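Notes for the structure review
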Amino acid sequence: MAVDTEAIGKVHRALFPEYGPTPLVSLPALAKELGCKEVYVKDESERYGLPAFKVLGASWGLCRLLGERYGVEPWDIAAIKGRVKTEPKLGVYTATDVARTAKLLGPPAFIYVPSTVEQWSIDAIASEGCEVKKVERDYDGAIAAALEACNAADGLMVQDMSWEGYEDVPAWIVDGYTTICREAASEVKATGVVVPVGVGSLAHAVAKFYGPEGPDHARIVSAEPEAAPCLAESLKAGKPVSITESSFTIMPGLNCGTVNPQAWPDLQLYIRPEDAVVVNDNEALTAASDLQALGVNAGPCGAATLAAARKVEWKANDVVVLICTEGKQ
């Protein structure tokens, strides 16, 4: 199904009218290091006033969900807010970050986070006025806890992971993420794109946009932490593989043990097993420091793309885009 880019743009402009596209930063020094023509970093460290990219999917997913619930256009923010006030007990439940969008629209948000999430991240989410619940489980367990609470409260689940009977919202979140690709493609014709992978929903957006059927076809390289290389292991096995033992990593946003089932078919089709790169914490830390020295405020999750790009071969005429998903905290 085609992505409704016009509607997504309307929602983003309605919610965040003071913001435009994030920077696409040219870094000739990295191009020289990697042996390619050009390297650009799509810097998501300041996306709509937040230090990471996730608001792109959460905003479209929640507005679309509430718009359908109330029979109004998803970009009609005033109408949605008005209707939300008539349901004061309606809550939004998730294990991802929907806090800012919920704050703008009005429903209370309940965010469930895994045990690996650090306190500064919990504090940042809670500062948006939502309730954060830390569960002593991994990311899959946090999703399960959020879903259980959502069902008990008859609330709204807004999650980037799909399961049987829950496909629409995760697909909308992926569609929201394609904004990153459209913005980058409007400035440069990439031959290679490097994307971080948690559950794989952002990578799915990249695969849908840069797949061979479209005009912007590019090689896709993924970056995952050693603690949770679920995509790399799945591609190697030729079938979805879950990483059941959660380990600590300085890349908590990528510490996810299961690939989104909805994303898996396209990821298997468009990412070669040898391009599913696993990086360790030291490599991510070094990459973050190097990007910061070049003027990109990269955190470890975002810098994982540079760490991954350093572990594959590039052609001399390649134009590589690294998606830096988060800023330094």
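Keep in mind that what you see is a predicted model, and the values were worked out from it rather than measured.

Observations regarding the overall build of the chain
Looking only at helices and strands, one finds 13 helices and ten strands in the chain. A compact globule built from 329 residues would reach a C-alpha radius of gyration of about 20 Å, and the chain, at 19 Å, matches this within 12%. The principal-axis extents of the C-alpha atoms in the chain amount to approximately 60 × 40 × 35 Å. Within the chain, residue pairs in contact and separated by at least 24 positions form 68% of the contacts whose partners lie at least 6 positions apart. Of the roughly 13600 Å² of accessible surface on the chain, a fraction of 51% belongs to carbon and sulfur atoms.

A closer look at the packing of helix 1 (residues 5-15) against helix 3 (residues 55-70)
Remark: helix 1 packs on helix 3, axes separated minimally by 10 Å, with the N-to-C direction vectors making an angle of 100°. It follows from the interaxial angle that helix 1 and helix 3 lie roughly perpendicular. Here Ala7, Ile8, Val11, His12 and Leu15 of helix 1 come into contact with helix 3, specifically with Leu56, Ser59, Trp60 and Cys63. In the contact of helix 1 with helix 3, the residues fall into seven nonpolar, two polar and no charged.

Some details on the sheet that holds strand 5 (residues 131-134)
Taken together, the four strands give an open sheet; going across it, the order is 5-4-3-6, and neighbouring strands pair in parallel fashion. Two strands bound the open sheet, and with one partner strand each, they are strand 5 and strand 6 (156-157). Docked against the sheet, helix 6 (residues 119-126) engages strand 4 (109-113) and strand 5, running at close to 155° with respect to strand 5.

Quick notes on the pattern of salt bridges
As a working rule, side chains carrying opposite charge can pair if their charged atoms are close by. Inspection of the entire model under this criterion finds 18 salt bridges. We note a salt bridge from arginine 272 to glutamate 274, for which the minimum N-O separation is 3.6 Å. In this structure, lysine 311 engages glutamate 283 in a salt bridge whose closest nitrogen and oxygen atoms are separated by 3.2 Å. You can see lysine 311 sitting in the loop between helix 13 (300-309) and strand 10 (319-324) and its partner glutamate 283 sitting in helix 12 (residues 281-293), a full 28 residues away along the chain.

A short note on helix 3
Given a rise of 1.5 Å per residue, 16 residues ought to cover 22 Å, and the 22 Å separating the end C-alpha atoms of helix 3 matches this to within 8%. Most of helix 3 is tucked away: 13 of the 16 residues are buried. Glycine 71, located one to two residues past helix 3, shows a positive phi value of around 70°.

Notes on the packing of helix 1 against helix 8 (residues 168-185)
Remark: helix 1 packs on helix 8, axes separated minimally by 10 Å, with the N-to-C direction vectors making an angle of 90°. As summarised for this structure, helix 1 and helix 8 are arranged roughly perpendicular, according to the angle between their axes. Facing helix 1, whose interface residues are Thr5, Ile8 and His12, helix 8 presents Asp175, Gly176, Thr179 and Arg182. For the contact of helix 1 with helix 8, the class distribution of residues is one nonpolar, four polar and two charged.

Points about the domain arrangement of the chain
Each assigned domain of the chain is listed with its residue range as follows: domain 1 (5-53 + 178-324) and domain 2 (55-168). Computed from C-alpha atoms alone, the centre-to-centre distance between domain 1 and domain 2 is 24 Å. Between domain 1 and domain 2, the contact holds 31 residues from the first and 22 residues from the second. Interface area, domain 1 with domain 2, both sides summed: about 2300 Å², of which 69% is carbon and sulfur.

Remarks on helix 7 (residues 139-153)
Taking 1.5 Å as the rise per residue, helix 7 with 15 residues should run 21 Å; its terminal C-alpha atoms sit 21 Å apart, in good agreement. Every buried residue belonging to helix 7 is among Tyr139, Gly141, Ala142, Ile143, Ala145, Ala146, Ala149 and Cys150, and all of these are buried. Buried residues along helix 7 sit in contact with strand 3 (92-94), strand 4 and strand 6. Put simply, aspartate 138 is the residue that caps the front of helix 7, since its side-chain oxygen is 3.3 Å from the backbone nitrogen of aspartate 140. The first or second residue beyond helix 7 is aspartate 154, which carries a positive phi of 55°.

Calculation criteria
Residues numbered from 1 in each chain as written. Predicted model: local features only at pLDDT ≥ 70, side-chain atom pairs only at ≥ 80, totals over all residues. Heavy atoms only, no water. Helix = DSSP H or I, 4+ residues; strand = E, 2+ residues; numbered from the N terminus. Rg over C-alpha atoms; globule rule 2.2 N^0.38 Å. Contact = heavy atoms within 4.5 Å. Areas by Shrake-Rupley, 256 points an atom, 1.4 Å probe, with all protein chains shown as cover. Axes fitted to C-alpha atoms, helices over the stretch in contact; angles between N-to-C directions. Parallel < 35°, antiparallel > 145°, perpendicular 65-115°, else oblique. Nonpolar A, V, L, I, M, F, W, Y, C, P; charged D, E, K, R; others polar. Pairing = 2+ DSSP bridges. Salt bridge = Lys/Arg side-chain N within 4 Å of Asp/Glu carboxyl O. Expected span 1.5 Å × (residues − 1). Buried < 20%, exposed > 50% of the residue type's maximum accessible area, 1.4 Å probe, protein only. Domains from an automatic or database assignment. Buried area = accessible area lost by both parts, 1.4 Å probe. Polar contact = N/O pair within 3.5 Å; in protein donor to acceptor, adjacent residues only side chain to side chain.

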